[in-house]
Amino acid sequence: MIENARVLFKSRPIGWVDASHFEIVAAPMADPGDGEVLVRNIFMSLDPYMRGRMRDEARYTAGFTLGEVLDGGGVGEIVVSNVDQFSAGDLVTGRLGWENFTVTTADLLNKVDGNVGSLSHYLGVLGMPSMTAWVGMRNIGQAKEGEAVYVSAASGAVGQVAGQIAKLQGCYVVG
């Protein structure tokens with residue numbers, strides 16, 4: 001039997017997050033049921049919004065549950081598929097558990113081709129941070145050539161892409 005290393009959310013931090021808030025456990029690897037796939041996780045994203053998910057309060061996205069596996073954006077390879085849209089060997093991105101293997105449904109995954117250099121790019125420049133920057137700059141901010149754009153967190157995952165988008169739009173950018 002193959003064991004699955006899993007990271008559980010052990011306690012809610014007050015102040016800084018450290019290793020005492022997590023627990024690594026070994027559990028039997030689950031078999032996917034009908035309509036599910038088994039994904040071998042390759043890359044996991046650790047993003048600032050996750051700190052908010054550790055609090056016990058209302059927010060725009062579901063919080064982490066004590067005693068459960070944490071989750072976040074990930075890239076993995078389908079190991080077993082019980083759905084038509086994915087086959088073993090397909091590379092995917094989506095919400096995956098902080099564990100070696102995740103059983104999930106196909107609707108939570110997107111197939112990727114893997115021809116972009118590192119698969120980690122699907123969590124960064126091709127992932128949620130860049131999509132956030134794109135929507136913010138193109139759909140909401142609608143920066144136009146010649147305008148000045150100030151990016152308050154220009155060194156972060158979203159901010160550095162927002163600055164580049166503004167620059168490509170012909171804007172004067174300050175970060």
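Student: Talk me through the overall build of the protein; I want residue IDs and the actual numbers.
Tutor: The helix and strand tally for the protein stands at three helices and nine strands. Counted from the first residue to the last, the protein has its helices and strands arranged as β-β-β-α-β-β-β-β-α-β-α-β. With respect to the principal axes defined by its C-alpha atoms, the protein has extents near 60 × 40 × 25 Å. Taking all 175 residues of the protein together, the buried fraction comes to 35%. Nonlocal contacts in the protein, meaning residues at least 24 apart in sequence, comprise 61% of its contacts between residues at least 6 apart. Accessible surface computed for the protein: about 10,300 Å², of which carbon and sulfur atoms make up 54%. Charge centroids of the protein, computed over 13 positive and 19 negative side chains, lie 9 Å from each other.

Student: How would you sum up the environment of V116? Please name residues and give values.
Tutor: Within the element layout of this structure, V116 appears in the loop between β7 (109-112) and α2 (128-141). Measuring from C-alpha to C-alpha, the distance between V116 and L126 comes to 9.4 Å, with 10 residues separating the pair along the chain. Those residues in contact with V116, other than ones at most four positions away along the chain, are H121, Y122 and L126.

Student: Any chance you could break down the packing of α2 against helix α3 (residues 157-168) for me, citing the residues and the numbers?
Tutor: As a packed pair, α2 and α3 sit with axes 8 Å apart at the nearest point and diverge in direction by 45°. Considering their axes alone, α2 and α3 lie oblique with respect to each other. Of the two possible hands of crossing, α2 and α3 adopt the one that is right-handed. Contacts from P129, S130, T132, A133, W134, M137 and R138 in α2 reach A157, V158, V161, A162, I165 and A166 in α3. Looking at the contact of α2 with α3, its residues break down into 10 nonpolar, two polar and one charged.

Rules used throughout
The residue numbers shown here count from 1 along each chain, following its written sequence. Where totals are concerned, whole chains, interfaces and linings use all residues; where local detail is concerned, this predicted model gives features only for residues with pLDDT of at least 70, and gives and counts side-chain atom pairs only at 80 or more. Excluded from the side-chain calculations are hydrogens and water; all other atoms, namely the structure's heavy atoms, are used. Numbering of helices and strands runs from the N terminus; a helix is a DSSP stretch of H or I covering at least four residues, while a strand is a stretch of E covering at least two. Only protein chains enter the calculation, and the probe is 1.4 Å; a residue is then buried if its accessible area is under 20% of its type maximum, exposed if over 50%, and partly exposed in between. Here, residues are in contact when the closest pair of their heavy atoms is within 4.5 Å. All accessibility values rest on the Shrake-Rupley procedure with a 1.4 Å probe; residue burial counts only the protein chains present in the view. Residues scored as positive are Lys and Arg, those scored as negative are Asp and Glu, and His as well as the terminal groups of each chain are ignored. In this description, the location of a charge corresponds to atom NZ of lysine, CZ of arginine, CG of aspartate or CD of glutamate. To obtain each axis, a line is fitted to C-alpha atoms, and for helices this fit is confined to the stretch in contact; angles are then taken between N-to-C directions over 0 to 180 degrees. Here is the rule for angles: anything less than 35 degrees is roughly parallel, anything more than 145 is roughly antiparallel, 65 through 115 is roughly perpendicular, and the remaining ranges are oblique. Note on convention: near helix rotated counterclockwise from far helix by under a right angle means a left-handed crossing. Clockwise means right-handed. Charged residues are taken to be Asp, Glu, Lys and Arg, nonpolar residues to be Ala, Val, Leu, Ile, Met, Phe, Trp, Tyr, Cys and Pro, and polar residues to be all remaining types, Gly included.

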